[in-house]
Amino acid sequence: MNDQGRPGFELPRPGRASPSADSSDDQGNESVSPLPDDAVLEVDEMRRESDVDSVLEQLDAELVGLVPVKTRIREIASLLLVDRMRNQFGLSAVRPALHMSFTGSPGTGKTTVALRMAELLHGMGYLRRGHLVSVTRDDLVGQYIGHTAPKTKEVLKRAMGGVLFIDEAYYLYKEDNERDYGAESIEILLQVMENQRDDLVVILAGYKDRMDDFFQSNPGMSSRIAHHIDFPDYTVDELAAIGSLIAAEREYTMDGETEKVFRDYLERRMRQPRFANARSVRNAIERARLRHANRLVSQPGATVTKAQLQTLKPADFLASRVFKDDRPDDEDGTDDGSGAD
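Computed from a predicted model, the values in this text were never measured in an experiment.

Draft legend 1. How the structure looks around the pairing of strand S5 (residues 227–231). Residues His227, Ile229 and Phe231 point to one face of S5 and are all buried, whereas His228 and Asp230, pointing to the other face, are not buried. In this sheet, S5 lies alongside strand S1 (residues 100–104) in parallel orientation, the contact comprising 5 bridges. Opposite Ser101, over in S5, you have His228 as the bridge partner.

Draft legend 2. Structural view of the pattern of salt bridges. On inspection of all chains with the given rule, the structure shows 18 salt bridges. Note that Arg250 is salt-bridged to Glu249, the shortest N-O span being 3.9 Å. With relative accessibility at 31%, the residue Arg250 sits in the partly exposed group. A salt bridge links Lys313 to Asp255, with the nearest nitrogen and oxygen atoms 3.7 Å apart. Separated by 58 residues along the polypeptide, Lys313 in the loop between strand S7 (311–312) and helix H14 (315–318) and Asp255 in the loop between strand S6 (253–254) and helix H11 (256–270) bring together distant segments of the chain.

Draft legend 3. Expanded view of the packing of helix H3 (residues 67–88) against helix H4 (residues 110–123). Relative to each other, H3 and H4 sit at 10 degrees, their axes nearing to 11 Å. Considering their axes alone, H3 and H4 lie roughly parallel with respect to each other. Facing H3, whose interface residues are Val69, Ile73, Ile76, Ala77, Leu80 and Arg84, H4 presents Val113, Met117, Leu120, Leu121 and Gly123. Broken down by class, the residue content of the contact of H3 with H4 amounts to 9 nonpolar, 1 polar and 1 charged.

Draft legend 4. Highlighting H3. For H3, built from 22 residues, the straight-helix expectation of 32 Å at 1.5 Å per residue is met to within 8% by its first-to-last C-alpha distance of 32 Å. Inspection of H3 places Val69, Lys70, Ile73, Ile76, Ala77, Leu80, Leu81, Asp83 and Met85 among the buried residues, and these make up the whole buried set. Considering only its buried residues, H3 is in contact with helix H1 (43–50), helix H2 (52–62), S1, H4 and S5. Phi turns positive one or two residues past the end of H3, at Gly90, with a value near 80 degrees.

Draft legend 5. Molecular detail of the sheet that holds strand S2 (residues 132–135). Read from one edge to the other, the open sheet built from 5 strands follows the order S2-S3-S4-S1-S5, with strand pairing classed as parallel. The outermost strands of the open sheet, each flanked by one partner alone, are S2 and S5. For this sheet, the mean angle separating the axes of adjacent strands, direction not counted, is 20 degrees. The pairing of S2 with strand S3 (residues 163–167) spans 4 bridges and is parallel. When the bridges of S3 are listed, Ser134 appears paired with Phe165. Contacting S1 and S5, H3 runs over the sheet at an angle of about 155 degrees to S5. Packed onto the sheet, H4 meets S1, S2, S3, strand S4 (201–206) and S5 and runs at close to 155 degrees relative to S1.

Draft legend 6. A look at the confidence of the model for the chain. For the chain, the average pLDDT comes to 86, and 85% of its residues sit at 70 or higher. Every residue in residues 1–28 scores below 50 in pLDDT, and together they form 52 contacts with partners more than four places removed in sequence or on other chains.

Draft legend 7. Quick look at the nonpolar core. Membership of the largest hydrophobic core comes to 57 residues, with the highest contact counts inside it found for Ile73, Phe102 and Phe262. Within the second largest apolar cluster, 28 residues are counted, among which are Leu140, Leu164, Met211 and Phe215.

Draft legend 8. A look at the packing of H1 against H3. Running from amino to carboxyl end, H1 crosses H3 at an angle of 110 degrees, the nearest separation of the two axes being 11 Å. Here H1 lies roughly perpendicular to H3, going by the angle between them. Considering how the two elements wind past one another, H1 and H3 form a crossing that is right-handed. Counted together, Val43, Met46, Arg47 and Ser50 of H1 and Leu81, Arg84, Met85 and Gln88 of H3 form the full contact between these two elements. When its residues are assigned to classes, the contact of H1 with H3 shows 4 nonpolar, 2 polar and 2 charged.

Draft legend 9. Representation of the packing of aromatic side chains. In this structure the tally under the stated criterion is 7 aromatic pairs. Geometrically, the ring pair formed by Phe102 and Phe231 is tilted, given 5.0 Å between the ring centres and 50 degrees between the ring planes. One end of the pair, Phe102, is in strand S1; the other, Phe231, is in strand S5, and 129 residues separate them in sequence. The exposure class of Phe231 is buried, given its relative accessible area of 2%. Relative to Tyr171, the ring of Tyr170 has its centre 5.1 Å away and its plane inclined at 70 degrees; by these criteria the two rings are edge-to-face. Taking relative accessible area as the criterion, Tyr170 reaches 8% and is therefore assigned buried.

Draft legend 10. Region of interest: the side chain of Asn218. When you line up the elements, Asn218 lands in the loop between helix H8 (208–217) and helix H9 (219–224). Taking relative accessible area as the criterion, Asn218 reaches 10% and is therefore assigned buried. Asn218 has contacts with Tyr173 and Ile186, leaving out every residue within four places of it along the chain.

Draft legend 11. Geometry of H4. For H4, built from 14 residues, the straight-helix expectation of 20 Å at 1.5 Å per residue is met to within 8% by its first-to-last C-alpha distance of 20 Å. Within H4, the full set of buried residues consists of Lys110, Val113, Ala114, Arg116, Met117, Ala118, Leu120 and Leu121. At the C-terminal side of H4, Gly125 shows a positive phi close to 90 degrees.

Analysis parameters
Residues numbered from 1 in each chain as written. Predicted model: local features only at pLDDT ≥ 70, side-chain atom pairs only at ≥ 80, totals over all residues. Heavy atoms only, no water. Buried < 20%, exposed > 50% of the residue type's maximum accessible area, 1.4 Å probe, protein only. Helix = DSSP H or I, 4+ residues; strand = E, 2+ residues; numbered from the N terminus. Pairing = 2+ DSSP bridges. Salt bridge = Lys/Arg side-chain N within 4 Å of Asp/Glu carboxyl O. Axes fitted to C-alpha atoms, helices over the stretch in contact; angles between N-to-C directions. Parallel < 35°, antiparallel > 145°, perpendicular 65-115°, else oblique. Contact = heavy atoms within 4.5 Å. Nonpolar A, V, L, I, M, F, W, Y, C, P; charged D, E, K, R; others polar. Expected span 1.5 Å × (residues − 1). pLDDT = per-residue confidence, 0-100. Core = buried A, V, L, I, M, F, W, Y, C linked by side-chain atoms within 4.5 Å. Left-handed = near helix turned anticlockwise from the far one by under 90°. Phe/Tyr/Trp six-rings, centres within 6.5 Å; stacked < 30°, edge-to-face > 60°.

This is how it looks when you write it as structure tokens:
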């Protein structure tokens, strides 16, 4: 039986101390006597103990831009930190709802933010493991009767204690197909999201318009989502900065002329199909590396210097189909549908 006395799917809840004079708090942590009213807590010390700053700094280092997203994450972190301090004074600190919806185009950092959110919640004591399990419809929904429930339950067991990230979550629901098994998976998810929200955070992700339709068709799911965070597309300046960071990570450089060509490449690519923001930038750098390598080794008797091995040139980008016939490089039929450049 589940928490509401109804038969259904139930997973183990995190261990809790037995009630006593010093009972556990509502997050499963051992409780101590409240601080006196005139006590003073050092906020910086509390931040260090929870490791919140290192997670936020890592998020800043990993992702260019996304100011509204980072601001919302900081606000959530601040609320959890204040609740933690309130608890030490014996004040009410009800565990907040933490299930989330991340909406935006591919390549805008949704999975990265989900990973950092898992680490943040673990450091704050809201998740006992703090790992991320990323899945799609195929991982949850079966193809025949009796197949969906075991698949969904297995994923949930793996995710317990951490964050379950469901990408393109709207594919779980197919309104025009009465024989689709996605509804069964949604029902199990709803039950666990409600009854075991102290041991699992679910993040649903996808395009905003499709997620809006999904929530409209599934009010039970919508009511369980506390935080709706929209990830904006990157500007060309941000994409260029991302490209420079990716190149630097691989120990490549671009001179001024190459940077101009790369920016031109980005402006053209942004207008084409299947553009995927940072993911497309990464793929563009990888293709430039391929052309760079071929350029260096294709001449008989060629010699190279360290600088040559590190320097991307305009030709390494100008050879792209983006400049030749206004098509993405993947228009040769190799596209896998992932939004790759």
